[in-house]
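One letter stands for each residue in the lines below.
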Amino acid sequence: MSRLRLAFFVSLAVFALAGISASSAMAIPANDNFSGRQAISGALPITVAANNIGATAESGEPDIFSNSAEKSVWFSWTAPAAGEMVIDQCSAGFTGDENPFIGIAVRTGTTLPALVLVKETAGRCLLRFHANSGVTYNFQVDYRSSEGNFNFKLRLQAPPANDKFASATAIGPALPVTQNGTTVDSTYEAGEPASLGGSSSSRSVWYSWT
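What comes next concerns the included structure. (Residues numbered from 1 in each chain as written. Predicted model: local features only at pLDDT ≥ 70, side-chain atom pairs only at ≥ 80, totals over all residues. Heavy atoms only, no water.)

Enumeration over the complete set of coordinates arrives at eleven aromatic pairs. Consider the rings of F165 and W206, whose centres lie 5.1 Å apart with planes at 90°: the pair is edge-to-face. Of this pair, F165 sits in the loop between strand 9 (149-156) and strand 10 (169-171) while W206 is found in the loop between helix 2 (198-201) and strand 11 (207-209), placing the two residues 41 residues apart along the sequence. Joined through ring pairs, the aromatic side chains of F75, W77, F129, Y137, F139 and F152 make up one cluster. Sitting over the ring of F34, R37 keeps its end group 4.0 Å from the ring centre. (Phe/Tyr/Trp six-rings, centres within 6.5 Å; stacked < 30°, edge-to-face > 60°. Helix = DSSP H or I, 4+ residues; strand = E, 2+ residues; numbered from the N terminus. Lys NZ or Arg CZ within 6 Å of the ring centre and 35° of its normal.)

Set out below in C-alpha cells:
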C-alpha cells in the first residue's frame, strides 16, 4: 500500500512540475528576444497592446543608456516617410508600477550583434528621433525589474504653436496675466540663447507682452 501511494505522489509531482514549466514557457512574450520583435504598422499615431510579463534579457543584448537590460521587449517599424518621431510611454498604462523606471532605445540593423544605436534614454518616458523614409527601426523597451501590461505608442512630433520666436503667443496687456502653456514636443530653434539649453536640450516656447 505504501509503495502504491508513493508512486502516486511522485507521479503527481512530475505532472505538477511539467505544468509549471509549460506555464512559464507560455508566459514569455513573443517579442521577448530581438529575433521575435513585433512588427508594427499603420497610420500614425500607433498604439499597440504589449506586456513584459516573464520577459528576459537575452545574451548579447545591448545596454540602454548604460543600464543593462532586464525585462526588455522588442518592436520594429519601417518609416513610410521622413519625419520627427516620438516614442511616448508617459501614458502607457503600465500596470507593474505607478512610477516605473523605463529604458527606451532606437536601433537599426537586422541582427543583434550588428545593431546600430540611433537614440536612447533611461528614466524618461519620451524619446524623440528622426526617421528616414524606408528605414526599419528596432525599438527596445525595458521596464527593468517591473512586469506588467502596457501600450507601446509611436507618434509624430507635434510642437506647440508658440514653439518658435516668430510665432510667440501674445499675452496681456492687462495684468495680472495667466496663460496656459506646454513644452511637450517643443524644440530648439537655431539662434536661440544658449541659456535655454542649446541644440541638445532646449525645450523652449515663446510669449510676447507689450
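This part covers empty space enclosed by the protein. Within this structure, the stated rule accounts for one cavity of 30 Å³ or more. Taken as a whole, the largest cavity holds about 30 Å³ of empty space. Forming the walls of the largest cavity are I64, N67, S68, A69, G103, D142 and R144. Considered class by class, the residues forming the lining of the largest cavity number two nonpolar, three polar and two charged. (1 Å grid on protein atoms, 1.4 Å probe; cavity = no way out; pocket = protein on both sides within 12 Å on 5 of 7 lines; lining within 4 Å. Points joined across faces, edges and corners; volume = space filled by probe spheres on them. Nonpolar A, V, L, I, M, F, W, Y, C, P; charged D, E, K, R; others polar.)

Assignment of secondary structure puts C125 in the loop between strand 6 (116-122) and strand 7 (126-131). Given a relative accessible area of 27%, C125 falls into the partly exposed group. Discounting residues that sit within four places of it in the chain, C125 has contacts with I87, D88, Q89, C90, I102 and I104. (Buried < 20%, exposed > 50% of the residue type's maximum accessible area, 1.4 Å probe, protein only. Contact = heavy atoms within 4.5 Å.)

On any regular strand, side chains alternate: one points to one face of the sheet, the next to the other face. By the criterion of burial, strand 8 (residues 136-142) is predominantly enclosed, with six of the seven residues buried. Of the pairings in the sheet, the one linking strand 3 (residues 72-78) to strand 8 comprises seven bridges and is antiparallel in character. From the neighbouring strand, F75 faces strand 8, where its bridge partner is F139. Alignment of strand 5 (residues 103-108) against strand 8, held across five bridges, turns out to be antiparallel. Paired with V106 across the two strands is F139, which belongs to strand 8. (Pairing = 2+ DSSP bridges.)

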